[in-house]
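Fold and geometry: a report
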Amino acid sequence: MITIVAKHFVKEDKISEFLEHAKKLVEITRKEQGCIKYQLYQDIKDAKILTMIEEWQDKDALDRHSVSEHFTKIVPILVGLVEKQTEMNIYKKAE
């Protein structure tokens, strides 16, 4: 299993727009083969921090997601709404 934590630092005046697009991405992605979990969280203390937590069956499922039509369409929009680069960590289960 692969887990991703992607922390986005959204421009204050773009939070609503980011949420709108991110929610579409979540809705479509959850239907993908190999997607176990795909959720968006908003920081309680700082509403500008929106974090996507994802779980994928394996790297192949993640790779398919990364080239999917909805991903390649929506993610560039999200990138344009952040004030600094996303912090992303990709994890595998420790054995």
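Below you will find a few notes about this structure. (Residues numbered from 1 in each chain as written. Predicted model: local features only at pLDDT ≥ 70, side-chain atom pairs only at ≥ 80, totals over all residues. Heavy atoms only, no water.)

Focus on the packing of aromatic side chains
Here a ring pair, both rings aromatic, is described through the centre-centre distance and the interplanar angle of the planes. The full count for this structure, using the stated rule, is one aromatic pair. For the pair Y38 and W56, a centre-to-centre distance of 6.1 Å together with 75° between the ring planes defines the contact as edge-to-face. Here Y38 is found in strand β2 (residues 35-42), whereas its partner W56 is found in strand β3 (residues 49-56), with 18 residues between them in sequence. The same class applies to Y38 and to W56, which are both buried. Stacked on the ring of F9, the Lys or Arg K84 has its end atom at 4.2 Å from the ring centre. (Phe/Tyr/Trp six-rings, centres within 6.5 Å; stacked < 30°, edge-to-face > 60°. Helix = DSSP H or I, 4+ residues; strand = E, 2+ residues; numbered from the N terminus. Buried < 20%, exposed > 50% of the residue type's maximum accessible area, 1.4 Å probe, protein only. Lys NZ or Arg CZ within 6 Å of the ring centre and 35° of its normal.)

Examining the sheet that holds β2
The strand order across the open sheet formed by four strands is β2-β3-β1-β4, and the pairing between neighbours is antiparallel. Lying at the two open borders of the sheet, with one neighbouring strand each, are β2 and β4 (82-92). Each strand axis lies, on average, 10° off the axis of its neighbour in the sheet, ignoring direction. Where strand β1 (residues 2-10) lies against β4, eight bridges are found, and the strand directions are antiparallel. The partner of I4 across the bridge, within β4, is I90. Packing against the sheet, helix α1 (residues 15-29) makes contact with β1, β2, β3 and β4, and its axis sits at approximately 165° to β2. (Pairing = 2+ DSSP bridges. Axes fitted to C-alpha atoms, helices over the stretch in contact; angles between N-to-C directions. Contact = heavy atoms within 4.5 Å.)

Some thoughts on helix α3 (residues 69-79)
The complete set of buried residues in α3 reads H70, I74 and L78. Taken around the axis of α3, the buried residues stretch over an arc of 45°, which confines them to a single face. In α3, the exposed positions angled more than 90 degrees off the buried face are occupied by E69, K73 and V79. Residues of α3 that are buried sit in contact with α1, α2 (59-66) and β4. (Arc of directions from axis to C-beta.)

Quick look at the packing of α1 against α3
Between α1 and α3, the least distance of the axes is 10 Å, while the angle of their chain directions is 160°. When the axes of α1 and α3 are compared, the pair comes out roughly antiparallel. Crossing handedness for the pair α1 and α3: left-handed. Only H70, F71, I74, V75, I77 and L78 of α3 make contact with α1, whose side of the interface consists of F18, H21, A22, K24, L25, I28 and T29. In the contact of α1 with α3, the residues fall into nine nonpolar, three polar and one charged. (Parallel < 35°, antiparallel > 145°, perpendicular 65-115°, else oblique. Left-handed = near helix turned anticlockwise from the far one by under 90°. Nonpolar A, V, L, I, M, F, W, Y, C, P; charged D, E, K, R; others polar.)

As for the pattern of salt bridges
Scanning the entire structure with this criterion turns up four salt bridges. Here D63 ties to K59 by a salt bridge, and the two come within 2.9 Å at their closest N and O atoms. Of this pair, D63 and K59 are both found in helix α2, four residues apart, which corresponds to roughly one turn of the helix. (Salt bridge = Lys/Arg side-chain N within 4 Å of Asp/Glu carboxyl O.)

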